[in-house]
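Residue-level structural notes
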Amino acid sequence: MRKLRDRLPPANSLVVFEAVARHMSFTRAAQELRVGQAAVSRQIRLLEDYLGTALFLRRHRTIELTPSGEHFFKAVAMGLQYIANVTDEIGRDRRSRDVTISSSVTFASYWLMSRIAKYRAQFAEADIRLVASARVREITASDVDLAVRYGHGQWPDASAHHLFDNEVFPVCAPSYLEREGPIREVSDLGNATLLHLDQFDRNWVTWESWLKSFEFQSPLKGRSLSFDNYLLLIHAAVRGEGVALCGQRLAEDLIREGTLVRPLTVSVGSERAFYLVHSASSRLRPEARQLRDWLLDESRGNRERPSDRPG
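Throughout what follows, the structure given in this document is the object of discussion. (Residues numbered from 1 in each chain as written. Predicted model: local features only at pLDDT ≥ 70, side-chain atom pairs only at ≥ 80, totals over all residues. Heavy atoms only, no water.)

Some thoughts on the overall build of the chain
Tallying secondary structure elements over the chain gives eleven helices and ten strands in all. For the chain, restricting intrachain contacts to residue pairs at least 6 apart in sequence, the fraction spanning at least 24 positions comes to 75%. Here the chain displays about 17800 Å² of accessible surface, and carbon together with sulfur accounts for 51% of that area. (Helix = DSSP H or I, 4+ residues; strand = E, 2+ residues; numbered from the N terminus. Contact = heavy atoms within 4.5 Å. Areas by Shrake-Rupley, 256 points an atom, 1.4 Å probe, with all protein chains shown as cover.)

Things to note about helix H9 (residues 230-238)
Count 3.6 residues to each turn of an α-helix, and residues three or four apart come out pointing the same way. Of the residues making up H9, those classed as buried are Tyr230, Leu233, Ile234, Ala236 and Ala237. On an axial view of H9, the arc spanned by its buried residues comes to 155°, and they lie on one face. Where H9 begins, the side chain of Asn229 points an oxygen toward the backbone nitrogen of Leu231, at a separation of 3.1 Å. Immediately beyond the C-terminal end of H9, within one or two residues, lies Gly240, with a positive phi of roughly 85°. (Buried < 20%, exposed > 50% of the residue type's maximum accessible area, 1.4 Å probe, protein only. Arc of directions from axis to C-beta. Polar contact = N/O pair within 3.5 Å; in protein donor to acceptor, adjacent residues only side chain to side chain.)

Re the sheet that holds strand S10 (residues 268-279)
Overall, mixed pairing links the six strands, which are arranged S4-S3-S5-S10-S6-S9 in an open sheet. Only two strands of the sheet have a single neighbouring strand rather than two, namely strand S4 (128-132) and strand S9 (244-247). Each neighbouring strand pair of the sheet contributes to a mean axis angle of 25°, computed without reference to strand direction. Examined bridge by bridge, strand S6 (residues 158-171) and S9 share four bridges and lie antiparallel to one another. Paired with Pro170 across the strands is Leu245, a residue of S9. Along the sheet, helix H11 (residues 286-299) makes contact with strand S3 (99-103), S4, strand S5 (146-151), S6 and S10, crossing S6 at roughly 35°. (Pairing = 2+ DSSP bridges. Axes fitted to C-alpha atoms, helices over the stretch in contact; angles between N-to-C directions.)

Digging into the pattern of salt bridges
Pairing between side chains of opposite charge can happen when the charged atoms of each approach one another. Tallied over the entire structure, the rule returns 15 salt bridges. Linking Arg115 and Glu298 is a salt bridge whose minimum nitrogen-to-oxygen distance equals 3.7 Å. Here Glu298 lies in helix H11 and Arg115 lies in helix H6 (residues 105-122), a separation of 183 residues in the sequence. With relative accessibility at 7%, the residue Arg115 sits in the buried group. Its salt-bridge partner being Arg285, residue Glu287 comes within 3.7 Å of it at the nearest N-O pair. (Salt bridge = Lys/Arg side-chain N within 4 Å of Asp/Glu carboxyl O.)

Some words on the environment of Ala126
Following the sequence through the fold, Ala126 ends up in the loop between H6 and S4. Expressed as a C-alpha distance, the spacing of Ala126 and Val99, which sit 27 residues apart in the sequence, is 8.1 Å. If we skip the residues at most four places from it in the chain, Ala126 touches Tyr119 and Arg120.

Points about the packing of aromatic side chains
The geometry of an aromatic ring pair is captured by two quantities: the separation of the ring centres and the angle between the planes. Per the counting criterion, the structure on display carries 16 aromatic pairs. Ring centres of Phe107 and Trp111 lie 5.4 Å apart, and the angle between their planes is 40°; on these two criteria the pair is classed as tilted. Of this pair, Phe107 and Trp111 both sit in helix H6, four residues apart, roughly one helical turn. No difference in accessibility class separates Phe107 from Trp111, as the two residues are buried. Aromatic rings pair up to connect Phe17, Phe26, Phe56, Phe72 and Phe73 into one cluster. The side chain of Arg262 reaches across the aromatic face of Phe169, ending 3.7 Å from its centre. (Phe/Tyr/Trp six-rings, centres within 6.5 Å; stacked < 30°, edge-to-face > 60°. Lys NZ or Arg CZ within 6 Å of the ring centre and 35° of its normal.)

Honestly, that's just the spatial picture; any functional story needs more than this.
Here is the structure:
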């Protein structure tokens with residue numbers, strides 16, 4: 001049986017071929033690899049001679065892959081990408097035992113940070129790096145182990161684990177009700193000071209859409225205050241400036257503490273939910289798997305054991 005080394009083309013020619021086929025240009029491949037175009041052409045000729053077939057059709061100013069070239073490119077790209085992913089994993093394991101988790105600023109502020117503090121109290125040796133940004137980072141980034149996303153549970157190259165659904169309802173500070181009087185019916189919101197988010201967010205439930213769910217169509221007679229981000233809006237609600245819409249799990253700590261209250265028991269369910277996701281094409285390190293399982297248990301009231309879930 002032939003040795004693997006004898007069955008493979010020169011490794012450098014594979015790297016050059018992948019770059020040329022990806023760019024469909026000898027010039028751009030040479031620029032990426034920081035070599036001369038003549039060196040790129042020489043490696044492609046070497047590979048074609050080894051395979052005994054043409055991989056590219058040379059036009060006047062363009063090139064295109066032959067059927068054999070297309071078939072070979074898929075195999076080479078897949079193989080080199082897999083090697084690169086494993087190399088990243090090994091290097092990351094060697095460099096650090098930190099676990100990096102990414103989420104939106106809002107989710108980090110009102111749910112995740114307190115849970116990470118609880119987790120570190122239980123696992124004192126754990127090193128957690130929280131990346132909070134308005135835009136959740138790509139989970140395929142080499143320095144992000146886990147990410148929290150809000151949506152329907154389907155993202156490219158992602159394994160998604162359901163954290164919890166989202167119910168949206170009004171919240172306000174006790175001081176607001178003491179000053180303005182009780183809110184007993186949805187119709188009472190028509191005279192309340194409503195806090196609005198004035199920047200469009202497809203995940204955000206507006207007062208107009210929330211009230212429409214209860215067939216409330218009367219003009220809003222109360223004052224309104226608008227904010228350009230959710231953190232400022234909730235801070236205003238905490239200060240007693242008005243009534244805000246808030247997701248159930250994002251408000252639960254503030255409600256438990258008595259900082260905010262629900263003036264009404266009604267709520268509107270969202271079609272989206274919160275998910276804990278990680279790359280489907282990369283191995284999840286033991287430290288990240290432990291944090292993932294702990295957060296899932298925390299979100300579900302420890303009703304599931306980590307061993308009940310697939311890796």
